[in-house]
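# Reading the structure
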Amino acid sequence: MKTSSKAVSEIRRGMIVFVVLAVLTGIEYYVGVHEAPNVILWAIALLKAAVVIQFYMHLMRVFRSQEEH
Amino acid sequence: MSTHEMSLEAYRQRVATNRIGLWLFIISDAFMFGALLITRFYLLGDRRPELDQTLGLIVTSVLLTSSFFMNRAEAMIAAGNRRGFLTSTLITMVLGIAFLVGVIGFEWRLAPFGPADGAEGAVFYMMTGMHAFHVLTGVIFLFVVFRNGLKGHYSPERHWAVEACANYWHFVDVVWIFFYPALYLMGTL
């Protein structure tokens, strides 16, 4: 069966999120090995977690009573 | 009544309730990981364990990539692409196993301390061990979903198990998002 346009846009968004997370991880590694203040590492970790929860875990689905998958 | 016999309306209602239950479980589990994170800073303060930085970055990248494929698997089954769903689920499973091999098989062996060598060892093995246990249960969950997928148990309208598995897997990734900098990057040697 062919992949629908909704799925294509979801996969595309998933790819963008993946790239964002990869870039943030790269920055995190660079900052970490150069012993920068922990607050920067905390900020990056919180941002990465927020991105995963919002776009991969679809947190907002919980607040919609009945919705398709 | 099985999910196949249930009306679509009733099924969606059940899924809405299931979602709340899953999130409550995730939140309760997050408290346990939060406690481990606090323990790390309480016992080690601004010191960090001497760990292989390259290996840390590799296992982090592997888990990150697995989350992408898990998301892809969910999108594929929602679109009715069973083959794409099975392939992505299988890749996620393989990456999960690769993460376990990296942490348990390599990092635990390479670490210059054991679990009983003071606070450093206790914190490192407890944090990575508890997380690895969750990855292992995630891999088992993925295997069950993959097997049921092979049998054709999921459809674009009815695939709650896939959604639950994906959310659990992403949660395990979120935990590592905090554990990785706390163990490998924050503080000095």
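Here the structure is shown first, and the text comes after it.
Predicted, not measured: the structure shown is a model, and the values here were computed from it.

### Details of the overall build of chain B
Secondary structure summary: chain B contains 5 helices and 0 strands in total. In sequence order, the secondary structure elements of chain B are arranged as α-α-α-α-α. The contacts in chain B between residues at least 6 apart in sequence include a share of 81% that link residues at least 24 apart.

### Quick look at the environment of B:L63
Residue and element names in this part refer to chain B. Locating L63 in the fold gives a position in helix α2 (residues 53–78). The class for L63 is buried, based on a relative accessible area of 1%. Sequence separation between L63 and H159 is 96 residues; the distance between their C-alpha atoms is 23 Å.

### What to know about the packing of aromatic side chains
Residues and elements named next belong to chain B. Scanning all chains against the criterion turns up 16 aromatic pairs over all chains. Taking the centre distance of 5.0 Å and the plane angle of 75° together, the rings of F124 and Y125 count as edge-to-face. Taking relative accessible area as the criterion, F124 reaches 0% and is therefore assigned buried. An angle of 50° between the planes, with centres 6.4 Å apart, marks the rings of F141 and Y168 as tilted. With F141 in helix α4 (residues 118–150) and Y168 in helix α5 (residues 160–185), the pair connects residues that are 27 residues apart, well separated along the chain. F141 gets classed as partly exposed once you look at its relative accessible area, which sits at 28%. The class of Y168 is buried, set by a relative accessible area of 8%. Three or more aromatic residues joined by ring pairs form one cluster here, namely F99, W176, Y180 and Y184. Stacked on the ring of F41, the Lys or Arg R40 has its end atom at 4.4 Å from the ring centre. Over the aromatic face of Y11 sits the side chain of R158, whose NZ or CZ is 5.3 Å from the ring centroid.

### Some thoughts on the pattern of salt bridges
One pass over the full model with this rule turns up 5 salt bridges over all chains. Among the charged side chains, a salt-bridge network with shared partners connects A:R61, B:R19, B:E74 and B:E163.

### Here we look at the interface of chain B and chain A
Contact residues are listed per partner, giving 48 residues for chain B and 39 residues for chain A. Taking both sides of the interface into account, the surface hidden between chain B and chain A amounts to around 3,800 Å²; carbon and sulfur atoms contribute 67%. Among the residues of chain B in contact with chain A, B:R19, B:W23 and B:F68 are the three that bury the most area, contributing 16% of the side total. Between chain B and chain A we count 2 salt bridges in total. Close ionic contact of A:R61 with B:E74 constitutes a salt bridge, the shortest N to O distance being 3.1 Å. The interface formed by chain B and chain A includes 1 residue pair in polar contact (both at pLDDT 80 or more). Among the secondary structure elements, those contributing two or more residues to the side of chain B that touches chain A are α1 (8–44), α2 and α5 of chain B.

What counts, and where the lines are drawn
Residues numbered from 1 in each chain as written. Chains lettered and ligands numbered in written order. Predicted model: local features only at pLDDT ≥ 70, side-chain atom pairs only at ≥ 80, totals over all residues. Heavy atoms only, no water. Helix = DSSP H or I, 4+ residues; strand = E, 2+ residues; numbered from the N terminus. Contact = heavy atoms within 4.5 Å. Buried < 20%, exposed > 50% of the residue type's maximum accessible area, 1.4 Å probe, protein only. Phe/Tyr/Trp six-rings, centres within 6.5 Å; stacked < 30°, edge-to-face > 60°. Lys NZ or Arg CZ within 6 Å of the ring centre and 35° of its normal. Salt bridge = Lys/Arg side-chain N within 4 Å of Asp/Glu carboxyl O. Buried area = accessible area lost by both parts, 1.4 Å probe. Polar contact = N/O pair within 3.5 Å; in protein donor to acceptor, adjacent residues only side chain to side chain.

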